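These are the residues of each chain, in order.
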Amino acid sequence: MKKWVVMAALAAKWITGYGQSTPAPYGALPSQSQLNWHEMEMYCIIHFGVDTYTNKEWGYGDEDPKLVNPAKFDAIQIVGAAKAGGFKGVVVVAKHHDGLCLWPTQTTEHNISKSNWRKGKGDIVKEYQLACEKLRMQLGLYCSPWDRNSAYYGQAKYVDIYRSQLKELYTRYGKLFISWHDGANGGDGFYGGTREVRKIDRTTYYGWPQTWAITRKLQPDAALFGDVGPDVRWVGNEEGHAGETCWATYDPQAPDAGKKPANGYTKYELGIEGTRHGKHWMPAECDVSLRPGWFYHASQNSQVKSPYELLDLYYKSVGRGAGLDLGLSPNQQGLLDTEDVQSLQQFGRLLKQTFAVNLAAGAKVEASNVRGNNSSKFGPQYLLDAGRYSYWATDDDVKTPELIFNLKGIRTFNVIRLRENIKLGQRIENFAVDVYYNGEWKQIAAATSIGANRLIRLPRNVTAAKVRLRITGSPVCIALSDFGLYKEPAHLTAPVISRSREGAIIITTSAPVSAIHYTLNGSEPTLQSPVYTSSFQMPDGGTVKAIAVDGTQQSELATATLGLSKAAWHILSTEQLTTGRRPENAIDETNSLWSTLQADTTKGFAPAQLSIDLGKAENISAFTYLPRQDKSVAGLVDRYAFLVSTNGKEWQQVATGEFSNIKANPIEQTVALQQPVTARYIQFKALHVIAGNGATAAEIGLITKK
Ligand code: FUL
């Protein structure tokens, strides 16, 4: 008996030694729900609710549910547009921080049944479920843990309510692919009328282990998304890109010194790159909105991302082994605007066009090594089939093999795709790609992490008949499932529109073109529109649209919505309150900073202000605050006041409020005044900041309605 065991072990060793068996998995491995998530690659997240009607990004929690009345709401239109874009599912925000539940919940009165929409009988979440079923899209749900409406927020009772909400969502709407838990937590709010600040410890308050146990039980196939997982992590920005190197594995840690690393409790700043050899399989999700904000704001209608901007984000998220979660913002009617639908459609077409044909298909592949010489099981032909998990493998001790693809002829490509069989873990450290050109090999690309997907967009077209892949580093043998060469269609990049401190509007292109056509009345430029020849002035601001044309090619549209010209503006000379970087930087039309941050960190935050003389009286309908764009959160203003004056001495406050979500999404903030005012002097007051002892601004601007 014993003898047999020994012999069996020896036989197994012999087999492994010759690489006949499947390579041993390496490191952390994905679960079934994570594999499904990786295969989806892209999905959308839909924000609609009271904010859609109040023009905010975060509701306070005191909004009347009657505000919500999407008369033409059509989930098929919205989910259909996502599908046309190539997205495989949608995450519906069932409850945002304002607490209004978009389904008829038993857990709180603050829900859709209190609206007039469909006479209080409607269920928005249900509509999405049905649309997804019809269009064969996957459904996910977002139920914000932070609830600015609930009187019980901060108490144990609220956690029970939250769990009951999840239970309802998990049991009424079919199978979910993801349960999405945002990271914004605690702060001021309505809280049942107390209107106070409530702070919670987000590492402990929600009792995540028990809460997640509910998900596992009721939705065993759903991936759990949170700042640090546990299944999918936040990439750490709301700009839609992962790091150039991005590992699917992760070692989460609490950011606070002294706290033990804890899986899924707190944000970890390194989401963008992940952790090589990390303990957990926890790939990154890159969330970004199709518009600047997550909710619909008419003022952002001209800022819908273009198909090529989306394609760029696709390369920087999905192309780096992460997922792309694109925000959609239905309007007050409950529909996506035409621009949004068109951009999605064209992006979907572009993706299909680019990836329709693998130019490496049919290539004769020479591999420097095949595991156990067993080509039928581990041969390189598996790199060129459609399977994500069929793969080419090498012997255990072969970690830097090479492959030569003898293409079926001379091919021109500009995108390279690689995928590992992630069921065996993330193995490869780095690799390079060469082409055979004029009798020698020439390197055209090199990169690091692969995992579920790696796309390399080459700076220019490459034409070759022979391509070589060199794996340049791996701790273990190779298990690669995909090698592809693709051709993204040629296009002209959109022109760039900017304005100088002197008010000159300048339109440029990165490469020479035959002409730039532009309009100033909001219409789309055509070949008949005026040709841009030199810079011009637009004292009251407005919308500039431009296209570049070269031969038969036409670029995408560039749009700039500009406020009042700042040519005549100057900082009030009496205003010497700042100790940091110059106040002038806030009106110089660049991203340079005005800052009152002080080096002495023992000093607390002191409200800061900036007063500007406009040179003449202007009719002001809104002001803008562009927060710092350098990724730092120091001095980011999240509570403001805005004052005006006719003499620069007596001031009248005309707006005050919060810049919500500015930390995660530091985009330009536009605040419309209740009523337009005429004034020569303005003052921006920073009442509160996200971090640091002073305030910062990249730009302050004004909008006029003539
Ligand atoms: C964040 C939220 O605070 C934003 O409002 C938005 O919902 C975004 C997708 O997640 O955590």
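Keep in mind the model is a prediction, meaning the values are calculated, not measured.

Rules used in this analysis
- Residues numbered from 1 in each chain as written.
- Predicted model: local features only at pLDDT ≥ 70, side-chain atom pairs only at ≥ 80, totals over all residues.
- Heavy atoms only, no water.
- Helix = DSSP H or I, 4+ residues; strand = E, 2+ residues; numbered from the N terminus.
- Rg over C-alpha atoms; globule rule 2.2 N^0.38 Å.
- Buried < 20%, exposed > 50% of the residue type's maximum accessible area, 1.4 Å probe, protein only.
- Contact = heavy atoms within 4.5 Å.
- Arc of directions from axis to C-beta.
- Near = heavy atom within 4 Å.
- Polar contact = N/O pair within 3.5 Å; in protein donor to acceptor, adjacent residues only side chain to side chain.
- Nonpolar A, V, L, I, M, F, W, Y, C, P; charged D, E, K, R; others polar.
- Pairing = 2+ DSSP bridges.
- Axes fitted to C-alpha atoms, helices over the stretch in contact; angles between N-to-C directions.
- Phe/Tyr/Trp six-rings, centres within 6.5 Å; stacked < 30°, edge-to-face > 60°.
- Lys NZ or Arg CZ within 6 Å of the ring centre and 35° of its normal.
- Salt bridge = Lys/Arg side-chain N within 4 Å of Asp/Glu carboxyl O.
- Parallel < 35°, antiparallel > 145°, perpendicular 65-115°, else oblique.
- Left-handed = near helix turned anticlockwise from the far one by under 90°.
- Patch = residues over 30% accessible without salt bridge, like charges linked within 9 Å, V, L, I, M, F, W, Y side chains within 5 Å.
- Areas by Shrake-Rupley, 256 points an atom, 1.4 Å probe, with all protein chains shown as cover.
- Lys, Arg positive; Asp, Glu negative; His and termini not counted.
- Charge placed at Lys NZ, Arg CZ, Asp CG, Glu CD.
- pLDDT = per-residue confidence, 0-100.
- Core = buried A, V, L, I, M, F, W, Y, C linked by side-chain atoms within 4.5 Å.
- Disulfide = S-S within 2.5 Å.

Lay out the overall build of the protein with the relevant residues and their values.
Each helix and strand in the protein was counted, giving ten helices and 34 strands. Here the C-alpha atoms of the protein give a radius of gyration of 28 Å, agreeing with the 27 Å that 2.2 N^0.38 yields for 706 residues. For the protein, the residues scored as buried account for 57% of the 706 residues in total. Partitioning the contacts of the protein with sequence separation of at least 6, the portion at a separation of at least 24 is 76%.

Which residues make up helix H7 (residues 208-218), and what values go with them?
Since the α-helix packs 3.6 residues into each turn, any two residues three or four apart lie on the same face. Along H7, the residues classified as buried are Trp208, Thr211, Trp212, Ile214 and Thr215. The buried residues of H7 occupy an angular sector of 140° when projected down its axis, which confines them to one face.

Just give me the short version of the site of the ligand, but keep the residues and values in it.
Taken together, 13 residues sit near the ligand, with His47, Trp58, His96, His97 and Tyr142 positioned nearest. Within the side chain of His47, an N or O atom sits 2.6 Å from an oxygen atom of the ligand. At 2.9 Å, a side-chain N or O of His96 approaches an oxygen atom of the ligand. A breakdown of the residues in the shell around the ligand according to their chemical character gives five nonpolar, five polar and three charged.

Could you give an account of the sheet that holds strand E1 (residues 42-46), naming the residues involved and the relevant values?
Pairing is parallel around the closed barrel formed by eight strands, whose spatial order is E1-E2-E3-E4-E7-E8-E11-E12. Across this sheet, the average inter-strand angle for adjacent strands is 25°, counted without regard to direction. Strand direction decides the pairing type here: E1 and strand E2 (residues 89-95), joined by three bridges, are parallel. Bridge pairing links Cys44 to Val90 in E2. Its contacts with the sheet put helix H6 (residues 156-172) on E2, strand E3 (138-143) and strand E4 (176-180), and the angle it makes with E3 is roughly 165°.

Give me the lowdown on the packing of aromatic side chains, citing residues and values where you can.
The geometry of an aromatic ring pair is captured by two quantities: the separation of the ring centres and the angle between the planes. Throughout the structure, instances matching the rule amount to 33 aromatic pairs. On the numbers, 6.2 Å between centres and 20° between planes, the contact of Tyr158 with Tyr162 is stacked. Placement of both Tyr158 and Tyr162 in helix H6 is noted, with a separation of four residues, approximately one turn of the helix. When sorted by exposure, Tyr158 lands in the same class as Tyr162, which is buried. The ring of Tyr152 is capped by Lys157, whose NZ or CZ atom sits 4.1 Å from the centre of that ring. In this structure, Arg371 packs its charged tip against the face of Phe378, placed 5.9 Å from the ring centre.

Give me the lowdown on unusual backbone geometry, citing residues and values where you can.
The amide bond that connects Gly229 to the next residue, Pro230, takes the cis arrangement and shows omega of 20°. Mapped onto the elements of the fold, Pro230 is located in the loop between strand E7 (223-226) and strand E8 (232-234). Positioned with a positive phi, His277 is a non-glycine residue whose angle comes to about 60°. In this structure, Glu589 takes a positive phi of about 65° despite not being glycine.

Give me the pattern of salt bridges: which residues, what numbers.
A complete count under the given rule lists 34 salt bridges for this structure. Lys114 is the partner of Glu109 in a salt bridge, and the nearest nitrogen-oxygen pair spans 3.7 Å. Residue classification places Glu109 among the exposed residues on the basis of a relative accessible area of 60%. Connected through salt bridges with shared partners, the residues Asp312, Lys316, Arg457 and Glu488 form a single ionic network.

Describe the side chain of His97, and please don't skip the residues or the numbers.
On the secondary structure map, His97 appears in the loop between E2 and helix H5 (124-135). On the basis of relative accessible area, His97 is assigned to the buried category, the value being 2%. One polar contact links His97 to Ser144, side chain to side chain, over a distance of 2.8 Å. In this structure, His97 is in contact with Trp58, Tyr142, Ser144, Trp146, Asp147, Arg148, Asn149, Asp182 and Ala184, ignoring residues within four places of it in sequence.

How would you summarise helix H2 (residues 32-40) if you had to cite specific residues and measurements?
Ser33, Gln34, Leu35, Trp37, His38 and Met40 are the residues of H2 that are buried. Remark: Glu41 follows H2 within two positions and exhibits a positive phi of approximately 65°.

Give a description of the sheet that holds strand E23 (residues 536-537) that names residues and reports values.
On the basis of which strands lie adjacent, the open sheet formed by three strands has the order E20-E21-E23 and antiparallel pairing. Two strands close off the open sheet at either side, each with one partner strand: strand E20 (496-499) and E23. Pairing between strand E21 (residues 504-508) and E23: two bridges, direction antiparallel. Note that in E23 the partner of Ile505 across the bridge is Phe536.

Just give me the short version of the packing of H6 against H7, but keep the residues and values in it.
The contact between H6 and H7 brings their axes to 10 Å, and the two run at 15°. When the interaxial angle is binned, H6 and H7 end up roughly parallel. Seen along the crossing, H6 lies across H7 with a hand that is right-handed. Across the interface between the two elements, Tyr162, Arg163, Leu166, Lys167, Tyr170 and Thr171 from H6 touch Trp208, Gln210, Thr211, Ile214, Thr215 and Leu218 from H7. In the contact of H6 with H7, the residues fall into six nonpolar, four polar and two charged.

So, a positive patch on the surface: which residues are in play, and what are the values?
Residues Lys83, Lys88, Arg136 and Lys352 make up a contiguous surface patch of positive charge. Along the chain, the position of Lys352 falls in helix H9 (residues 338-355).

For the pairing of strand E26 (residues 558-562), give the residues involved together with the corresponding values.
Alternating residues of E26 divide into Ala558, Ala560 and Leu562, all buried, and Thr559 and Thr561, none buried. Examined bridge by bridge, strand E24 (residues 542-550) and E26 share five bridges and lie antiparallel to one another. Residue pairing for E26: Gly542 is matched across the bridge by Leu562.

An account of the pairing of strand E22 (residues 515-519) is requested, with residue identities and associated values reported.
Counting buried positions over the five residues of E22 gives five, a clear majority of the element. Side chains Ala515, His517 and Thr519 of E22 all project onto a buried face; the interleaved residues Ile516 and Tyr518 project onto the opposite face, where all are buried too. Direction of pairing for E22 relative to E24: antiparallel, over a ladder of five bridges. By the bridge assignment, His517 is partnered in E24 with Ile547.

I'd like to hear about the confidence of the model for the protein, residue by residue, with values.
Averaged over every residue, the pLDDT of the protein is 92; residues scoring 70 or more account for 93%. Within the model, pLDDT remains below 50 along residues 1-19, and this stretch shows eleven contacts once partners closer than five positions in the same chain are excluded. Low pLDDT, under 50, characterises residues 253-268; the predicted model gives this stretch 39 contacts beyond four residues in sequence or across chains.

So what's going on with the nonpolar core? Which residues, and what values?
The nonpolar side chains of a soluble globular protein tend to be buried, and buried together. Grouped together as the largest cluster of nonpolar side chains are 76 residues, with contacts concentrated most on Phe87, Val90, Tyr128, Leu139, Leu326 and Leu328. It is H6 that contributes the most residues to this core, seven residues altogether. Aside from chain neighbours lying at most four places away, what touches Leu328 is Cys44, Ile45, Ile46, His47, Ile78, Ala82, Leu290, Trp294, Leu336 and Leu344. Residues Ala393, Phe413, Ala447 and Leu480 belong to the second largest nonpolar core, which totals 36 residues.

Hey, could you go over the state of the cysteines for me, with residue numbers and the actual values?
Taken as a whole and assessed by the stated rule, the structure comprises zero disulfides. The thiol of Cys44 is not disulfide-bonded; the next cysteine sulfur, from Cys132, is found 10 Å away. Of all cysteine sulfurs, the one in Cys286 lies closest to Cys246, which takes part in no disulfide; the gap is 6.6 Å.

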